[in-house]
Amino acid sequence: MVKALIGKKVGMTQIFDENGKVIPVTVIEAGPCVVVQKKTEENDGYNSVQLGFQDVKERKLTKPELGHIKKAGVAAKKYLKEFRFEDTSTFNIGDELKADVFAEGDKIDVTGISRGKGFSGVIKRHGAARTATSHGGGPVHRHAGSMGAGSYPGRIFKGKIGAGQMGNIQVTVQNLDVVKVDPETNMIAVRGAIPGPKSGVVYLKNTVKNA
């Protein structure tokens, strides 16, 4: 069964298992999420459910967003995300999904926007090697070096490494273990690190690797 939630990264900490082994975990405030829209194979060609997360004042939404929310008859939500499901018959518009959708031992994929690191050089951004620092290497020790041909094609092909914007892109970390679930506070502890800063919005879904 496919499980999915929208959440917010709280931060990292560590917990101990029953054997006293320390486990580094990321705490996620997962939900509560509300079903805003449901799509079916018959009407839309595929099955999916759109979830809404985090209440927001109506004046902060655009008119199309507000109309979409009012059509569903739910409170205004700041974040909306559509998740594909094999079967949507168990969902109804207005249903509330909480952290107990997941259970300890589940394996999930977490998607978020990574921290932006600004303009970075080719060594930091791609792990390129620096040139020799002796015998007149000049002020180009951290440059990318020559990449193009002599005359043909007279340009550098797309996809070559280089300096530029680093981070601030969508990243998915796969196959993370759910270590602990607290339904009362809607908190989920996941083993390891997930993308994004504290309070960053993340999307949780059971992993595709063990689907």
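Residues numbered from 1 in each chain as written. Predicted model: local features only at pLDDT ≥ 70, side-chain atom pairs only at ≥ 80, totals over all residues. Heavy atoms only, no water.

Examining the side chain of S114
Its place among the elements puts S114 in the loop between β7 (107–113) and β8 (118–120). With a relative accessible area of 16%, S114 lands in the buried category. A distance of 3.1 Å separates the side chain of S114 from the backbone nitrogen of N168, its partner in a polar contact. Setting aside chain neighbours within four positions, we find S114 in contact with G167, N168, I169, V171, P195 and G196. (Helix = DSSP H or I, 4+ residues; strand = E, 2+ residues; numbered from the N terminus. Buried < 20%, exposed > 50% of the residue type's maximum accessible area, 1.4 Å probe, protein only. Polar contact = N/O pair within 3.5 Å; in protein donor to acceptor, adjacent residues only side chain to side chain. Contact = heavy atoms within 4.5 Å.)

What about the pattern of salt bridges?
The full count for this structure, using the stated rule, is 6 salt bridges. The salt bridge partner of D55 is K77, with a shortest N-O separation of 2.5 Å. A residue pair is termed long-range when its members are at least 10 positions apart, and D55 in strand β4 (residues 48–55) and K77 in strand β5 (residues 77–84) qualify at 22 residues. With relative accessibility at 54%, the residue D55 sits in the exposed group. (Salt bridge = Lys/Arg side-chain N within 4 Å of Asp/Glu carboxyl O.)

Quick look at the packing of aromatic side chains
Under the counting rule described, the total for this entry stands at 3 aromatic pairs. Each ring, one from F83 and one from Y203, has its centre 6.5 Å from the other, and the planes form 65°; the classification is edge-to-face. Of this pair, F83 sits in strand β5 while Y203 sits in strand β12 (residues 201–206); the two residues are 120 residues apart in sequence, bridging distant segments of the chain. Its guanidinium or amino end placed over the ring of Y203, K81 lies 4.9 Å from that ring's centre, counting from NZ or CZ. Its end group placed over the ring of Y46, R84 keeps NZ or CZ at 4.1 Å from the ring centre. (Phe/Tyr/Trp six-rings, centres within 6.5 Å; stacked < 30°, edge-to-face > 60°. Lys NZ or Arg CZ within 6 Å of the ring centre and 35° of its normal.)

Comments concerning the nonpolar core
Grouped together as the largest cluster of nonpolar side chains are 29 residues, with contacts concentrated most on I6, L51, I108, I188 and L204. Sorting the residues of this core by element identifies β1 (4–16), β2 (22–30), β3 (33–39), β4, β7, β10 (170–182), β11 (187–191) and β12 as the ones contributing at least two each. Residues within four places of L204 in sequence aside, it is in contact with K3, A4, L5, G7, I28, A30, F83, F102, I108, D109, V110 and I188. In terms of nonpolar packing, the next biggest core, distinct from the first, is built from 9 residues, V56, L66, A72 and V74 among them. (Core = buried A, V, L, I, M, F, W, Y, C linked by side-chain atoms within 4.5 Å.)

Regarding helix α2 (residues 63–72)
Among the residues making up α2, those that are buried are L66, I69 and A72. One side of α2 carries all its buried residues, which in axial view fall inside an arc of 125°. The exposed residues of α2 that point more than 90 degrees off its buried face are K63, P64, K70 and K71. Contacts made by the buried residues of α2 are with β3 and β5. Two residues or fewer past α2, G73 is found with a positive phi of approximately 75°. (Arc of directions from axis to C-beta.)

Some remarks on the sheet that holds strand β6 (residues 96–97)
Taken in spatial order, the 4 strands make up an open sheet running β5-β4-β3-β6, and their pairing is antiparallel. One side of each edge strand has no neighbouring strand; the edge strands of this open sheet are β5 and β6. Pairing of β3 with β6, which is carried by 2 bridges, proceeds in the antiparallel orientation. Of the residues in β6, the one forming a bridge with C33 is L97. On the sheet, α2 packs against β3, β4 and β5 and is oriented at approximately 90° with respect to β3. (Pairing = 2+ DSSP bridges. Axes fitted to C-alpha atoms, helices over the stretch in contact; angles between N-to-C directions.)

Describing the side chain of S120
Turning to its location among the elements, S120 is positioned in strand β8. Looking at S120, the relative accessible area reads 3%, which means it is buried. In this structure S120 touches R125, A163, G164 and M166, once residues within four positions along its chain are discounted.

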